[in-house]
Amino acid sequence: MALFKFSGQAVSWIATVIVARILVPDDYGLMEMATVITGYAFIFNDLGLGQAIIQNPNVTKKQLSSVFWFSILLSFFFAVFAIAIAYPTSLIFHENRVIPLTQATSILFIFSGLQIVPQSILLKNMQFRSTGYIDMIGVLVSSISMVIMAKLGVGVWTLLGGHIIRSLVRVMLLFYVTNWKPMLFFNYREAKQFIKFGFIFALGKSLFYMHEKSDKFFAGRFWPAQLLGYYTFAMQLAVIPTDKIVSIINQVSYSALAAIQHEKERFNQFYLNVSKITATLVFPIFLGGFILAEDLIKVLLTEQWYPMIPLFRYLCIVQIFVSLCALNGFVHSALGKPGRNLIVNIALALFMPMSFYFAVQYSLNIILIPWFTTYLIINIAWMLYTLNIIGIPVSSYLKSIRSPFIASFIMAVVVFISYQFLDNYTMIIAKHWQLFINISLGVAIYLLYIYKFDSDFLKKIKSLKSENI
């Protein structure tokens, strides 16, 4: 699944850079304003029904059909909501340009409702190869379309258009691959247990969304669209490894954890293995992004984006903690206890918005402070709570991520020294060659350490590749 994802994302990253060089920060700010409220509604459009299908060990055809038709009705309701909420959205942000953008998101609600059941069928049956194909093709088509739209000068509509095209492709491929067709049958009682589980899950996600979007909401209220665009795009770049790597791991992990939820020893070992894989993949990327932030932005983007360099640098560090904590919510849902996730989500929804409200009234970079204070404290407590619930000692958890941590630290030190040395020869060695040298050096140092001191991990990866072949 990762191989398919990376193939698609290679094109996606290139497309993101090309589009960012054509569009302006104002476009990204407008897009964020237009989707803040509809994005919250989008959580309830799904209502956690997909997670409920995956978690339930016995699902009948009648139940699937009932869930499908319920999700369609819900999608149409929220599509109408998106059209209506566009006008209050423009008043909140004092920006009339968001009205047609917000209304156009109604299409996404319909496509999302259509995807829920067929996508859940694939994930429940662990058909990750098929899921990988679908994701890859969706990303490829949308990325190419976005570049074409940007070059045609459609501006901010490029960003929304990419989402719409990707969703349309996913819907068509999901029904084609699963060959699943809903019955002309609906019974609320058949869908009730899924709705109940899903509602609790969705409520937790909605609270999470409140904290996740509160920074952009208050920034949009106090900042001009350009400053919001800097922050939004810095975050968009920083979360790429989380969205494109960690999301794959957790998507697979949730299905697997649900399948072994009654086998405590296997469950805990799986948790530790996933934590190590996550750390091994993302630690070097985020630390490398922190050290090489300036060169990355200056090489990949135009001068108009330079003010976001400090934001991008420190958001990379934030994403280390986001990546490590992302699995915890799936653990409790897999155990059939989505209500536990409400604990941390309520805390985040209460304290993060307050922190951002005060932070955005100062300079651009002050918005980073809530991430390193409020967010960090809550998630460390959430991690300790999860480890205690499933019965894993903190020492065992730290041991599982020790090797990637040490390897990443050594890599960071070497790359930092190299970065400082090469920076003195800017007139001789072009920036893009400096960046290439530092990245190559970092990859080599990191892989050398893993090969020398954690060869068992590489053997496991190799065996997975052989099994898939």
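The structure this text deals with has already been given above.
Residues numbered from 1 in each chain as written. Predicted model: local features only at pLDDT ≥ 70, side-chain atom pairs only at ≥ 80, totals over all residues. Heavy atoms only, no water.

### A few points about the pattern of salt bridges
Phase 1 of the analysis: Taken as a whole and assessed by the stated rule, the structure comprises 6 salt bridges.
Phase 2 of the analysis: When the shortest N-O distance is used, the salt bridge between E95 and R97 registers 2.8 Å.
Phase 3 of the analysis: For R266, the salt bridge goes to E263, with nearest N and O atoms at 3.2 Å.
Phase 4 of the analysis: Exposure remark for E263: the relative accessible area of 35% places this residue in the partly exposed category. (Salt bridge = Lys/Arg side-chain N within 4 Å of Asp/Glu carboxyl O. Buried < 20%, exposed > 50% of the residue type's maximum accessible area, 1.4 Å probe, protein only.)

### So, unusual backbone geometry
Phase 1 of the analysis: Phi at H94 is positive, roughly 55°, even though this residue is not glycine.
Phase 2 of the analysis: Its location among the elements puts H94 in the loop between α4 (61-93) and α5 (98-104).
Phase 3 of the analysis: With phi around 55°, N179 is a residue other than glycine that occupies positive phi space.
Phase 4 of the analysis: According to the relative accessible area criterion, N179 is exposed, its value standing at 63%. (Helix = DSSP H or I, 4+ residues; strand = E, 2+ residues; numbered from the N terminus.)

### Concerning the environment of V141
Phase 1 of the analysis: Tracing the sequence through the fold places V141 in helix α7 (residues 128-151).
Phase 2 of the analysis: Each C-alpha atom, one on V141 and one on R170, is 10 Å from the other, the two residues being 29 residues apart in sequence.
Phase 3 of the analysis: In this view, V141 contacts I165 and V169; residues no more than four positions away in its chain are not counted. (Contact = heavy atoms within 4.5 Å.)

### Details of helix α14 (residues 309-334)
Phase 1 of the analysis: Here α14 contains 26 residues, and its C-alpha end-to-end distance of 38 Å stays within 8% of the 38 Å for a straight helix at 1.5 Å per residue.
Phase 2 of the analysis: At I317, α14 shows its strongest bend, of approximately 25°. (Expected span 1.5 Å × (residues − 1). Bend = angle between axes of the 7 residues up to and from the residue.)

### Quick word on the nonpolar core
Phase 1 of the analysis: The biggest cluster of nonpolar side chains holds 133 residues, and the ones touching the most others in it are Y271, L301, W305, M308, F312 and W371.
Phase 2 of the analysis: Among the elements that line this core, the one with the most residues is α14, at 14 residues.
Phase 3 of the analysis: In this structure, Y271 is in contact with L327, N328, V331, M383, T386, L387, I390, I392 and Y397, ignoring residues within four places of it in sequence. (Core = buried A, V, L, I, M, F, W, Y, C linked by side-chain atoms within 4.5 Å.)

### Side note on the packing of α7 against helix α11 (residues 240-259)
Phase 1 of the analysis: The interhelical angle for the contact between α7 and α11, taken along N-to-C directions, is 155°, at an axis separation of 12 Å. When the axis of α7 is compared with that of α11, the two are roughly antiparallel. Crossing of α7 over α11 shows right-handed handedness. Counting all contacts with α7, which are made through F128, T131 and D135, the residues of α11 involved are Q251, V252 and S255.
Phase 2 of the analysis: Tallied by class, the residues present in the contact of α7 with α11 amount to 2 nonpolar, 3 polar and 1 charged. (Axes fitted to C-alpha atoms, helices over the stretch in contact; angles between N-to-C directions. Parallel < 35°, antiparallel > 145°, perpendicular 65-115°, else oblique. Left-handed = near helix turned anticlockwise from the far one by under 90°. Nonpolar A, V, L, I, M, F, W, Y, C, P; charged D, E, K, R; others polar.)

### Focus: the layout of surface pockets
Phase 1 of the analysis: Taken as a whole, the second largest pocket holds about 460 Å³ of empty space.
Phase 2 of the analysis: F283, I320, F321, L324 and I401 are, among the 19 residues lining the second largest pocket, the residues nearest its centre.
Phase 3 of the analysis: Per element, the largest residue contribution to the lining of the second largest pocket is 6 residues, and it comes from helix α16 (residues 369-390).
Phase 4 of the analysis: The residue makeup of the lining of the second largest pocket, split by class, is 17 nonpolar, 2 polar and no charged. (1 Å grid on protein atoms, 1.4 Å probe; cavity = no way out; pocket = protein on both sides within 12 Å on 5 of 7 lines; lining within 4 Å. Points joined across faces, edges and corners; volume = space filled by probe spheres on them.)

### Side note on the packing of aromatic side chains
Phase 1 of the analysis: Inspection of every chain in the model, using the stated rule, returns 25 aromatic pairs.
Phase 2 of the analysis: Aromatic side chains Y28 and F233 sit 4.8 Å apart centroid to centroid with 55° between the ring planes, which places their arrangement in the tilted category. Here F233 lies in helix α10 (residues 225-238) and Y28 lies in helix α2 (residues 25-46), a separation of 205 residues in the sequence. Each member of the pair, Y28 as well as F233, is classed as buried.
Phase 3 of the analysis: Put simply, the rings of F93, F217, F218, F222, Y357 and F358 pair up and form one aromatic cluster.
Phase 4 of the analysis: Lying across the ring of Y306, K298 places its NZ or CZ 5.6 Å from the centre.
Phase 5 of the analysis: Its guanidinium or amino end placed over the ring of F290, R313 lies 5.9 Å from that ring's centre, counting from NZ or CZ. (Phe/Tyr/Trp six-rings, centres within 6.5 Å; stacked < 30°, edge-to-face > 60°. Lys NZ or Arg CZ within 6 Å of the ring centre and 35° of its normal.)

### Here we look at empty space enclosed by the protein
Phase 1 of the analysis: Applying the stated rule across the entire model yields 3 cavities of 30 Å³ or more.
Phase 2 of the analysis: Estimates place the volume of the second largest cavity at around 50 Å³.
Phase 3 of the analysis: What lines the second largest cavity is V274, S275, T278, S323, L324, L327 and Y397.
Phase 4 of the analysis: Elements with a contribution of two residues or more to the lining of the second largest cavity: α12 (264-291) and α14.
Phase 5 of the analysis: A per-class count over the lining of the second largest cavity returns 4 nonpolar, 3 polar and no charged.

### A word on α11
Phase 1 of the analysis: The end-to-end C-alpha separation of α11 is 29 Å, in line with the 28 Å expected for 20 residues at 1.5 Å each.
Phase 2 of the analysis: Along its length, α11 shows its largest kink, about 35°, at V246.
Phase 3 of the analysis: Here α11 lies mainly inside the structure; 15 of its 20 residues are buried.

### Notes on the side chain of E32
Phase 1 of the analysis: The topology assignment puts E32 in helix α2.
Phase 2 of the analysis: Non-local contacts of E32, meaning those with residues more than four positions away in its chain, are made with K213, K216, L228 and T232.

### Side note on the environment of T302
Phase 1 of the analysis: By the element assignment, T302 lies in the loop between α13 (293-300) and α14.
Phase 2 of the analysis: C-alpha separation for the pair T302 and F68, spaced 234 residues apart in sequence, amounts to 46 Å.

### Observations concerning the state of the cysteines
Phase 1 of the analysis: In total, this model carries 0 disulfides according to the counting rule given.
Phase 2 of the analysis: With no disulfide of its own, C316 lies 17 Å from the sulfur of C325, the closest cysteine sulfur.
Phase 3 of the analysis: C316 gets classed as buried once you look at its relative accessible area, which sits at 3%.
Phase 4 of the analysis: For C325, a relative accessible area of 12% translates into the label buried. (Disulfide = S-S within 2.5 Å.)

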